[in-house]
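Coordinate analysis (summary)
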Amino acid sequence: MVAAGAALADEVGFEGLTMGLLAERLGVRTPSLYKHVGGQEDLNRRIAALALGQAADAVGDAVRGRAGRDALAAAARAFRGFVLEHPGRYAATIGQEPSDPDDPLALAGQRLLTAFDAVLRGYDIDDRDVNHALRLLRSLFHGFATLQAGAGFQWSTDIDESFEWLIAFADRGLRTL
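Notes on the structure follow. Nothing here was measured: the structure is a model prediction, and the numbers come from that model.

**Some thoughts on the packing of aromatic side chains**
Across all of its chains, the model carries eight aromatic pairs by this definition. Between F141 and F163, the ring centres sit 6.4 Å apart and the planes meet at 55°, which makes this aromatic pair tilted. Of this pair, F141 sits in helix α8 (residues 130-149) while F163 sits in helix α9 (residues 159-176), and the two are 22 residues apart along the sequence. Like F141, the residue F163 is buried in the burial classification. Positioned over the ring face of F163 is R80, at 4.5 Å from the centre of the ring.

**A look at the pattern of salt bridges**
Here the structure, examined in full by the defined rule, presents 11 salt bridges. The closest approach of N and O atoms between E11 and R25, which form a salt bridge, is 2.8 Å. In this pair, E11 is assigned in helix α1 (residues 2-12) and R25 in helix α2 (residues 19-26), connecting sequence segments 14 residues apart.

**A few points about the side chain of R80**
Relative to the assigned elements, R80 resides in helix α5 (residues 68-85). Residue R80 is classed as buried on the basis of its relative accessible area, which comes to 10%. In terms of polar contacts, R80 uses its side chain to reach the side chain of Q148, at 2.8 Å. What R80 contacts, discounting residues up to four positions off in sequence, is F144, A145, Q148, I159, D160 and F163.

**Looking at unusual backbone geometry**
Most peptide bonds take the trans configuration, and most residues that are not glycine carry a negative phi. Unusually for a residue other than glycine, A151 sits at a positive phi of about 55°. Relative to the helices and strands, A151 is located in the loop between α8 and α9. Assessed through its relative accessible area of 48%, A151 is described here as partly exposed.

Scoring rules and cut-offs
- Residues numbered from 1 in each chain as written.
- Predicted model: local features only at pLDDT ≥ 70, side-chain atom pairs only at ≥ 80, totals over all residues.
- Heavy atoms only, no water.
- Phe/Tyr/Trp six-rings, centres within 6.5 Å; stacked < 30°, edge-to-face > 60°.
- Helix = DSSP H or I, 4+ residues; strand = E, 2+ residues; numbered from the N terminus.
- Buried < 20%, exposed > 50% of the residue type's maximum accessible area, 1.4 Å probe, protein only.
- Lys NZ or Arg CZ within 6 Å of the ring centre and 35° of its normal.
- Salt bridge = Lys/Arg side-chain N within 4 Å of Asp/Glu carboxyl O.
- Polar contact = N/O pair within 3.5 Å; in protein donor to acceptor, adjacent residues only side chain to side chain.
- Contact = heavy atoms within 4.5 Å.

What follows is the structure in structure tokens.
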């Protein structure tokens, strides 16, 4: 049911996802969903955990065996690809707070951070700056991908070229730390 909710969020947008719409899509009555989830908020959290886990898999697979700029570019492209392919489920991840360290949301989020941390190992970054570098990468890649997914780039410059420019910019910055 969570996978169906995630797919529906991708289709109609996260903001448009409701228990009623999901029940209709599944061919059941809305009260039947409450046997599986505790309500809309629970469904949203489960979709967020699913999305973070899927993004972690995509980024982790992309960076395996790579280092430095190659790992950075692979991670960036994998993350962007995930957001563009799954904009609704990715939107579910924004603003969700894990309830404790064992929360599936926290565990999936940690896996994604671990994948990006692997990218940073290819750069000479002081341990004190790793969290800042992770936030930088998240801001760059999240910002670009969500703007693109929301049709936020309305001018004629090639989007892929701009994204490659962003990767090169991040690489130069990380190498100068």
